Amino acid sequence: MDRISFKKLIKKFKVNFINERVINIASVLGLIIIWYGISMFVKPIFLPSPLAVFIRTYSVYGGSEIIQSILNSLLRIFAGLIIGSIVGFSFGVAISWNKKIEWWFEPLIELLRPVPIVAVIPLFILWFGLGEVGKILLIAFGCFVRQIVSTHEAIKNVPTVYLKAAQTLGATRKSKIFGTIIIPSITPEIIGGLRVTVAAAFGYCAAAEFLGAQSGLGYMIIVSRRYLYTFGVIFGIIVFGILALGTDYFVRYADRKINAWTERESK
Amino acid sequence: MKAKKYKFIPTLKQILGFSSITTAILLWYIISMASSPLFVPSPKEVFIDSYQLYKGIVGMSILSTLYRVIIGFTVGTILGAVAGIAMSWNKIIRWIMDPIVEFLRPLPAIALIPLFILWIGLGESSRLPVIIFASFVVVVVSTREAIKNVPNVYINAAKTLGASNKGLIFKTIIIPAITPGIIGGIKIAAAASFDLAAAAEFIGAQRGIGYIIINAKKFLYTNGIVFGIFLFSLLAMVTNLAIRYFDRRVNIWTEREKA
């Protein structure tokens, strides 16, 4: 490739890149401006302006209460997420150990999979009351079901070639094959499933807090709705979104670090 | 020559599967006998007694919930697929919509339910927009991903063979290639729709399976709660099977291992 067309290529790339960023930022700003615009025409009950959302929420609830709610919700989510994912992952691995074990558990898993976890919330409230334990268990249960399915799928999808190659090279003990071949090769898929599980965990937490809580972000949203504090509702939603986004970024960062050796296109 | 009649000889897989379900049910019976009906009702109580109690409204409730889910899910999916394809068709549309979609994506749809109730009231119509919204976001994202993942080889090959019109490439290469990916997104959207319908019905509906559950909970009638959960699962399972059947029919030419 001669130098002139190479330079042109770089320039075209840069121009596209800048154009894209410009329009990206412009559309975000546009959204905010549209938000402002609509909020000026409708009553604050329907759509308070972006500024009003934050200022009024802060003045009505006070900084410490807001932070307390956020921390409560985060605690539940992370506790449930960690417990559920780890137990789910272990179960997933255990189930995929052996064809016969897999055949035994498969119908149970297929029956458990379509259950909407949100529908189970009233049952958990009946069993565990309105306290922390019930909510953490609910989120854990939801993550557990998802992780089992996801882990099982991931293990099934390991290319048989890898296993056969390992056996050709002398790996005879199943645990060794598991440790050195299967576990590393499923990590990308597991982390991918983890991102979905994280998003779901935030949803489950919101639902659990809507239905029976005395504290937390979801509780703040429900209380705001009862007092027709739209700004509180919107504030809670945005904070949920920011937290979910942050956790997602964290998982993606961990993904890049752990899976640096995988051959994948960059996300 | 007489045709041979085959006896039903179950495979080991079927035996194991059947016995695991039977064991689960037996365990359920045993646990229910050991604890009060408030905590773990026996299977008989859940299915037979609850059905007796709710016989009148079961049909209407199922239809009510199903109506919400199916309409919301269908509308959201179609809008999402169209938006996803539009975003890949045109750079400008993509640049405008990308941040919007990325902004809407992390919002847990369940958290939006109170907002919609505030806007539209506690009636029927406040539940649909949430389901539409969630399905839309899920399908847009999966459609975009699927389109991005179409191997460039396909497109280049098509161009080599003479396809120059972008519309042609889209119709003949990209759309068929993304069907598996979109169906995957549809499955996720369906599951999310049921979750959302359950949550929306819990927060104050007058009809639907969620109403049965909340009603039962008020009276501490655990049978009813479990019965409602069972109904939900049944609906979700049927929907999942329908989507999978659809999936096989449409994607019969795809080279994939059995899911």
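Above this text is the structure in question.
Residues numbered from 1 in each chain as written. Chains lettered and ligands numbered in written order. Predicted model: local features only at pLDDT ≥ 70, side-chain atom pairs only at ≥ 80, totals over all residues. Heavy atoms only, no water.

Could you clarify how one ought to interpret the overall build of chain B in this entry?
The secondary structure content of chain B amounts to nine helices and zero strands. Starting at the N terminus, the α and β elements of chain B follow one another as α-α-α-α-α-α-α-α-α. Since a compact globule built from 259 residues should have a radius of gyration of about 18 Å, the 23 Å found for chain B marks it as more spread out than a globular shape. Counting only C-alpha atoms and orienting by the principal axes, one finds that chain B spans roughly 75 × 70 × 30 Å. A buried classification covers 45% of the 259 residues belonging to chain B. By sequence separation, contacts in chain B at least 24 residues apart represent 73% of the contacts at least 6 residues apart. (Helix = DSSP H or I, 4+ residues; strand = E, 2+ residues; numbered from the N terminus. Rg over C-alpha atoms; globule rule 2.2 N^0.38 Å. Buried < 20%, exposed > 50% of the residue type's maximum accessible area, 1.4 Å probe, protein only. Contact = heavy atoms within 4.5 Å.)

I would appreciate a short explanation of the overall build of chain A in the present structure.
When helices and strands are tallied, chain A shows ten helices and zero strands. Seen in sequence order, chain A has helices and strands lined up from the N terminus as α-α-α-α-α-α-α-α-α-α. Computed over C-alpha atoms, the radius of gyration of chain A comes to 24 Å, more than 25% over the 18 Å expected from 2.2 N^0.38 for 267 residues, which places it beyond the range of a compact globule. With respect to the three principal axes, the spread of C-alpha positions in chain A is 70 × 70 × 30 Å. A total of 267 residues make up chain A; the buried ones form 44% of that total. Across chain A, contacts joining residues at least 24 apart in sequence account for 74% of those joining residues at least 6 apart. When the accessible surface of chain A is totalled, it reaches about 14,700 Å², and 70% of it is carbon and sulfur. Once the 28 positive and 14 negative side-chain charges of chain A are each reduced to a mean point, those two points are 5 Å apart. (Areas by Shrake-Rupley, 256 points an atom, 1.4 Å probe, with all protein chains shown as cover. Lys, Arg positive; Asp, Glu negative; His and termini not counted. Charge placed at Lys NZ, Arg CZ, Asp CG, Glu CD.)

What exactly am I supposed to notice about helix α2 (residues 43-89) of chain B here?
Note: α-helices contain 3.6 residues per turn, so residues at a spacing of three or four share the same orientation. For α2(B), which comprises 47 residues, the first-to-last C-alpha distance of 53 Å sits more than 12% below the rise-based estimate of 69 Å (1.5 Å per residue). Its maximal kink placed at B:Tyr54, α2(B) deviates by approximately 80°. (Expected span 1.5 Å × (residues − 1). Bend = angle between axes of the 7 residues up to and from the residue.)

Explain the interface of chain A and chain B here, please?
Buried accessible area, meaning the area lost when the parts come together, often serves as the stated size of an interface. Residue-level contacts link 53 residues of chain A with 52 residues of chain B. Buried area between chain A and chain B, both sides added, is near 4,800 Å², and the carbon and sulfur share of it is 77%. When the area that chain A buries against chain B is broken down by residue, the three leading residues are A:Trp103, A:Trp104 and A:Leu126, summing to 13%. For B:Arg244, the salt bridge is made with A:Glu110, and the minimal N-O distance between the two is 3.2 Å. Here chain A is connected to chain B by four residue pairs in polar contact (both at pLDDT 80 or more). Put simply, the parts of the chain that give the side of chain A that touches chain B at least two residues each are α1 (3-41), α4 (99-112), α5 (117-128), α8 (174-211), α9 (217-226) and α10 (230-258) of chain A. A total of nine residues in the side of chain A that touches chain B trace back to one element, the largest contributor, which is α5(A). (Buried area = accessible area lost by both parts, 1.4 Å probe. Salt bridge = Lys/Arg side-chain N within 4 Å of Asp/Glu carboxyl O. Polar contact = N/O pair within 3.5 Å; in protein donor to acceptor, adjacent residues only side chain to side chain.)

It is not clear to me how the pattern of salt bridges should be interpreted in this structure. Could you clarify?
Oppositely charged side chains may form a pair once their charged atoms are brought near each other. All names here are of chain A. Counted under the stated rule, the structure contains seven salt bridges over all chains. Salt-bridge contacts for glutamate 132 lead to arginine 76; the nearest nitrogen and oxygen are separated by 2.8 Å. One end of the pair, glutamate 132, is in helix α6 (residues 132-156); the other, arginine 76, is in helix α3 (residues 63-95), with 56 residues separating them in the sequence. A salt bridge links glutamate 209 to arginine 76; the shortest N-O distance between them is 2.5 Å. Remark: arginine 76 occurs in helix α3 and glutamate 209 occurs in helix α8; sequence separation between them is 133 residues. Grouping residues by exposure puts glutamate 209 and arginine 76 together as buried.

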